[in-house]
Each structure stands twice: as C-alpha cells, then as structure tokens.
Amino acid sequence: RYYAGEGAAFAESGKTATDVMIAGNKGELDKLFGELATPGLRVDSRSGTIFPDRTPAELRDSIELFQAMVSSSRIWYSAVQWLSPNCAVARQERDAVGKDGERYEWSRIYVAEFEHGRFTAICEFDVGFEEQAFAYAEERVRAAQSRLAVRNQASDVAQLFISALRD
C-alpha cells in the first residue's frame, strides 16, 4: 500500500527490495544474484563482522554456507528509510534455527542502491553505527546526483567555478 500511495516515488526500487527479501527467504539465489542484482554488484562492509568487502560470488558462497549450517532462517526489514528513489537505509533482522535446535538472532543496517529495478550496491553496518550508515547513504545520493563519480574539495571548487562562469 505504501508504494501505491505516498511511497510511489520509491515503488520500483521498493519492489526490488521486497523481491530480494522473498528470494533470500526462499533460498532462490539464482534469482537473487541473476535477476535482482546487476552483474557489477558492489558489496561493501563497514561492520565488525569477520566478512570483508566481498564480490557477489563470495557473498553468494557465504549465504550458501550459512544455509547449510542451519535448519531454517528468515530475514526481514524492520525499518526502511528512503533517501532517494534509488537509495535506502534499512535495518535488517535475521533469525535462524541451528541443526540442534539452537536459536540465533541478529540485526544489521544496510545501505542499498538500486537502478532500473535491480540492486547495484549494498554496504553493511553494525546496528550501533546508524549515523555512519546515513552519512554514507547521503554521500552516495549526492554522488549519484553529480556527473562526477567522486566528490571531493577539488570537484566542489570546480563546480563553483563553472557556476561562476555561467553567472
């Protein structure tokens, strides 16, 4: 309902985010990494986990390894904040039941970027680092709005100079 109403600007990417959760919960990794992700998917980690930045293949391998270690698991977003139609910050919850019935629960914050109905990048943060996740997401939104891939002091000065020339 949200994407049909006040969230209409985020509907395309929101559908992808929803489809990612559904595919992940069903174990449909071919769909997750084939249909829902771009071939150049960027996977970054700013968390304290043992997993560093990974390639999409390494991420898939880690998901398959995890699935082999538990009897069941589920993931969902408990909160999502859209910063643009193509970028969101989401708190992801996961719980799992191990092979011997032990229960596991954990949370992460993800910044996700989307383009043309597919996700192009994800960056993981620990839950205690919400401010850093939002700062990272805001920088990604600013970079996407600029024709320059990297924004720094030199590019800011160049933009001011070009604006001055136009004026």
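Every value quoted in this text rests on a predicted model; they were computed, and no experiment measured them.

## Describing the pairing of strand 5 (residues 118–125)
Then comes step 1: Burial of strand 5 is extensive: seven of the eight residues sit out of reach of the surface.
Then comes step 2: Where strand 1 (residues 37–45) lies against strand 5, five bridges are found, and the strand directions are parallel. The residue bridging Arg42 from the neighbouring strand is Ala121, located in strand 5.
Then comes step 3: Where strand 4 (residues 103–115) lies against strand 5, seven bridges are found, and the strand directions are antiparallel. Within strand 5, the position partnered with Glu115 by the bridge is Arg118.
Then comes step 4: Count of turn residues in the strand 4/strand 5 antiparallel hairpin: two residues, of which His116 carries a positive phi of about 55°.

## Things to note about the layout of surface pockets
Then comes step 1: By volume, the largest pocket is sized at about 1100 Å³.
Then comes step 2: Leu59, Ile63, Gln92, Arg94 and Tyr110 are the residues nearest the centre of the largest pocket, which is lined by 47 residues in total.
Then comes step 3: Those elements giving two or more residues to the lining of the largest pocket turn out to be helix 1 (11–26), helix 2 (29–35), strand 1, helix 3 (56–69), strand 2 (70–84), strand 3 (87–98), strand 4 and strand 5.
Then comes step 4: Of the residues belonging to the lining of the largest pocket, the class tally is 29 nonpolar, ten polar and eight charged.

## Structural notes on the pattern of salt bridges
Then comes step 1: Applying the stated criterion across every chain yields a total of eleven salt bridges.
Then comes step 2: When the shortest N-O distance is used, the salt bridge between Arg91 and Glu93 registers 2.5 Å.
Then comes step 3: For Arg91, a relative accessible area of 33% translates into the label partly exposed.
Then comes step 4: Ionic pairing is found between Arg142 and Glu139, a salt bridge with its closest N-O pair at 2.8 Å. One end of the pair, Arg142, and the other, Glu139, are both in helix 4 (residues 130–145), three residues apart, so they sit about a helical turn from each other.
Then comes step 5: Residue class for Arg142 comes out partly exposed when judged on its relative accessible area of 35%.
Then comes step 6: Taken together, the salt bridges that share partners define one network made up of Arg42, Asp44, Glu113 and Arg140.

## Observations concerning the nonpolar core
Then comes step 1: Counting residues in each nonpolar core, the largest one holds 21 residues, and the members touching the most others are Leu32, Phe33 and Phe119.
Then comes step 2: Per-element tally for this core: the top contributor is helix 1, with four residues.
Then comes step 3: Other than its neighbours up to four places away in sequence, Phe119 contacts Thr16, Val20, Leu32, Leu36, Ala37, Thr38, Leu41, Glu113 and Phe114.

## Some remarks on the state of the cysteines
A covalent bond bridging the sulfur atoms of two cysteines is what the word disulfide describes.
Then comes step 1: A complete count under the given rule lists zero disulfides for this structure.
Then comes step 2: Sulfur of Cys87: no disulfide; nearest cysteine sulfur belongs to Cys123 and is 10 Å away.
Then comes step 3: Assessed through its relative accessible area of 3%, Cys87 is described here as buried.
Then comes step 4: According to the relative accessible area criterion, Cys123 is buried, its value standing at 1%.

## Description of helix 4
Then comes step 1: Between its first and last C-alpha, helix 4 extends 23 Å over 16 residues, near the 22 Å set by a 1.5 Å rise per residue.
Then comes step 2: Of all the positions in helix 4, only Ala133, Tyr136, Ala137, Val141 and Ala143 are classed as buried. Considered in projection along helix 4, the buried side chains sweep an arc of 160° and stay on one side of the axis. Looking at helix 4, the residues exposed on the side facing more than 90 degrees away from the buried face are Glu131 and Gln145.
Then comes step 3: Residues of helix 4 that are buried sit in contact with strand 1, strand 2, strand 3, strand 4 and strand 5.

Thresholds applied
Residues numbered from 1 in each chain as written. Predicted model: local features only at pLDDT ≥ 70, side-chain atom pairs only at ≥ 80, totals over all residues. Heavy atoms only, no water. Buried < 20%, exposed > 50% of the residue type's maximum accessible area, 1.4 Å probe, protein only. Helix = DSSP H or I, 4+ residues; strand = E, 2+ residues; numbered from the N terminus. Pairing = 2+ DSSP bridges. 1 Å grid on protein atoms, 1.4 Å probe; cavity = no way out; pocket = protein on both sides within 12 Å on 5 of 7 lines; lining within 4 Å. Points joined across faces, edges and corners; volume = space filled by probe spheres on them. Nonpolar A, V, L, I, M, F, W, Y, C, P; charged D, E, K, R; others polar. Salt bridge = Lys/Arg side-chain N within 4 Å of Asp/Glu carboxyl O. Core = buried A, V, L, I, M, F, W, Y, C linked by side-chain atoms within 4.5 Å. Contact = heavy atoms within 4.5 Å. Disulfide = S-S within 2.5 Å. Expected span 1.5 Å × (residues − 1). Arc of directions from axis to C-beta.

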